[in-house]
Amino acid sequence: MTTEQTTSPPRTGVGITATGLGRTVPGGRRVLDDISLTIQPGEVVAVIGVSGAGKTTLLETLARVRRPATGTVAHDAVRAIGFVPQDDIIHRELPLARTLRYAARLRLPSGTGPTEISDRIAEVLAELRLAERAAVPVSKLSGGERKRASIAVELLDRPGVFFLDEPTSGLDPAIAVELLRVLRTLADAGTTVVLTTHQITDVDHCDQVVVLTRQGRLAFAGTPSAAREFFDLRSLAEVHLRLDEETDPAAWPDRFAAYRDGAPPARTTDHGDVCAPAPRRVGRLRQWAVLTARNAEIVVRNRLTLAILLGSPLMVLGMFALLFRPGAFEPTRPSPTVTVMILFWIAFGGFFFGLTYGLLQICTELPILRRERLAGVRLVPYLMGKVAVLLPLLALVDLALLGVLRGIDRLPPVDGPDFAALYATLLLSSAAALALGLLCSAAVSDAAQATLMLPMLCFPQVLFVGAILPVPAMATGGQWLSYAMSNRWAFEALGHTAGVEQLWRDGGSPLGPPLLATYGDSFSRPVWVNWLVLGGFVLLFLCATWAVLARRDSRGTT
């Protein structure tokens, strides 16, 4: 963006041309209104304005994170784009060097070897003066160090243009100045830098400043010294007050339009498509492998999470052991009502484990996913990376649950193949619930919303499964709803494998035949049919999760 001639040497980097940008939020308010500007390669540009002026929206539009409602954005070179949100969006459980290693494996071309990755990480750490903190967990870094660590992630693939949202927010003045010097160094090395800021003193470290009015219009674009002259101020600290003193919202934009008419015309381009060029991507298989390894390391390093994942099933198992007496499946004296409850709560235990494992997996890292989507991470490897870590944990938990219950005589005395069938049913039930948990986690915005969904998801799986009230005895609406309950199919598959029909018919208990008549053919269906239904739930929920994330991604809300 230029309104003055400059004699500085030409710089490398990416130039940006924006023409007529406009964006409207729900309710009809314009957050960007006819903004046109040009950013020259290698400049450091600050975007300032009061809260709500559209700074972040403009930044995301220039970075092609969001599509404008009107207007075009063009980059004059196809180079990698670095985008650093206001928050420090990186996994805090891992040491800094491990965080960067995973990021490098996701960003750098597939042919990049381990040695080259290590060298690039060391180079970036040295460039940002973080080499001595490489082994420190991100959670233990200071605020300024975490901000630089967030920048380090984007520097790994040497972006041609860097967008930063409020990079000095929350930092003390000394650390803020140090960070701006780092950005100045990056620009001098050939990276175009665009940042938003509330700290007017940051502007003095920039080549250009963009001033937005409260209505999202362009009040000025040029050098800081030209801005002081244009607004007739000694310090730009008073620029917001000067804008608010004007009663006509169009006054300053109109004055700037007249001021700019005398300047050289901005560069134009025919490449106005706002869809960002596809970033260099590693293959799906490598993305899946990297994301799986990272998820596993995060779980292992977060001891509290690991303790909850493994400890909660142990608590449930202990409650089962205290709740049910042994011998309920004894062929000579069975207890039909107790067998129903044991089979139901086993099925529900598998459902509950899977649901709770998946419910917080995505919503807690949506900002990280959004950032990594900009770097080329695909949704299918991301989701499969979650499943690849959580499903083996569920398999271990389900096996322990059945094994212990069998050992303390809370299960029927089944042989090896039937025990394997019970295990397959429980694991499929957990997998379906895991996929449902991931779907709900993708649909909400934070952990609090996900937690509130837990009882709403569990109650129907208790009431409409057929254990408390058999499906044939339900009202018509309840019968139809039961088809959508994955837990129903697990419960009925467990009952079929456990042979409850024969047990109730031949066991001599007077409750057996009436109860069997009430359940009808619930337990007579071949077990493979129930497995097929459960597998369908798994695929349905995973596909729905992908669709929800893809839709949020297209709206810029992932």
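Note: the structure precedes this text.
Computed from a predicted model, the values in this text were never measured in an experiment.

Tracing the backbone shows Glu-154 in helix α4 (residues 143–155). C-alpha separation for the pair Glu-154 and Arg-371, spaced 217 residues apart in sequence, amounts to 9.7 Å. Each residue touching Glu-154, except ones within four places of it in the same chain, is listed here: Ile-81, Gly-82, Phe-83, Val-84, Arg-107, Pro-159, Phe-162 and Arg-371. Polar side-chain contacts of Glu-154 include one of 2.7 Å to the side chain of Arg-371.

On the surface, Leu-285, Trp-288, Val-380, Met-384 and Trp-546 cluster together to form a nonpolar patch covering roughly 490 Å² of accessible area. You can see Trp-288 is positioned in helix α9 (residues 284–301).

Before going further, it helps to examine the sheet that holds strand β9 (residues 218–222). Across the sheet, six strands lie side by side as β5-β6-β7-β3-β8-β9; this open sheet has mixed pairing. Strands at the two margins of the open sheet, each flanked by one partner only, are β5 (81–84) and β9. With direction set aside, neighbouring strand axes in the sheet form an average angle of 10 degrees. Where strand β3 (residues 44–48) meets strand β7 (residues 192–196), four bridges bridge the pair, whose relative direction is parallel. Within β7, the residue paired with Val-45 across the bridge is Val-194.

Okay, the environment of Ser-169 next. Assignment of secondary structure puts Ser-169 in the loop between β6 (161–165) and α5 (173–188). Among the residues examined, Ser-169 registers a relative accessible area of 31% and is labelled partly exposed.

What follows concerns unusual backbone geometry. A positive phi angle, close to 50 degrees, is found at Arg-158, a residue other than glycine. You can see Arg-158 is positioned in the loop between α4 and β6. Even without being glycine, Glu-166 reaches a positive phi, approximately 50 degrees. One can find Glu-166 in the loop between β6 and α5.

The next thing to look at is the packing of aromatic side chains. All chains considered together, the criterion is met by 22 aromatic pairs. Taken together, a centroid distance of 6.1 Å and an interplanar angle of 65 degrees make the contact between Phe-220 and Phe-231 edge-to-face. On the criterion of sequence distance, the pair formed by Phe-220 in strand β9 and Phe-231 in helix α6 (residues 224–231) is long-range, its members being eleven residues apart. Both residues of the pair, Phe-220 and Phe-231, belong to the buried class. A ring pair is formed by Tyr-483 and Trp-489, whose centres lie 6.1 Å apart and whose planes are at 45 degrees; its orientation type is tilted. Exposure remark for Tyr-483: the relative accessible area of 46% places this residue in the partly exposed category. Ring pairing ties together the aromatic residues Phe-344, Trp-345, Phe-348, Phe-351, Phe-352, Phe-491, Tyr-519 and Phe-523, which thus form one cluster. In this structure, Arg-488 packs its charged tip against the face of Tyr-483, placed 4.8 Å from the ring centre.

Turning to α6, a few remarks are in order. Three or more residues of α6 are buried, namely Pro-224, Ala-226, Ala-227, Phe-230 and Phe-231. Viewed along the axis of α6, the buried residues span an arc of 155 degrees, placing them on a single side of the element. Against the buried residues of α6 lie β8 (208–212), β9, α7 (239–245) and α8 (251–261). Once α6 ends, the next one or two residues include Asp-232, with phi positive near 55 degrees.

With respect to the secondary-structure elements, Ser-522 resides in the loop between α19 (512–519) and α20 (527–554). Separated by 2.7 Å, the side chain of Ser-522 and the backbone oxygen of Tyr-519 make a polar contact.

We now examine the environment of Leu-427. Note that Leu-427 resides in helix α14 (residues 416–443). Among residues more than four places away in sequence, those in contact with Leu-427 are Leu-391, Leu-394, Ala-395 and Asp-398.

Criteria and cut-off values
- Residues numbered from 1 in each chain as written.
- Predicted model: local features only at pLDDT ≥ 70, side-chain atom pairs only at ≥ 80, totals over all residues.
- Heavy atoms only, no water.
- Helix = DSSP H or I, 4+ residues; strand = E, 2+ residues; numbered from the N terminus.
- Contact = heavy atoms within 4.5 Å.
- Polar contact = N/O pair within 3.5 Å; in protein donor to acceptor, adjacent residues only side chain to side chain.
- Patch = residues over 30% accessible without salt bridge, like charges linked within 9 Å, V, L, I, M, F, W, Y side chains within 5 Å.
- Areas by Shrake-Rupley, 256 points an atom, 1.4 Å probe, with all protein chains shown as cover.
- Salt bridge = Lys/Arg side-chain N within 4 Å of Asp/Glu carboxyl O.
- Pairing = 2+ DSSP bridges.
- Axes fitted to C-alpha atoms, helices over the stretch in contact; angles between N-to-C directions.
- Buried < 20%, exposed > 50% of the residue type's maximum accessible area, 1.4 Å probe, protein only.
- Phe/Tyr/Trp six-rings, centres within 6.5 Å; stacked < 30°, edge-to-face > 60°.
- Lys NZ or Arg CZ within 6 Å of the ring centre and 35° of its normal.
- Arc of directions from axis to C-beta.

Shape is all these values report; function is a separate question.
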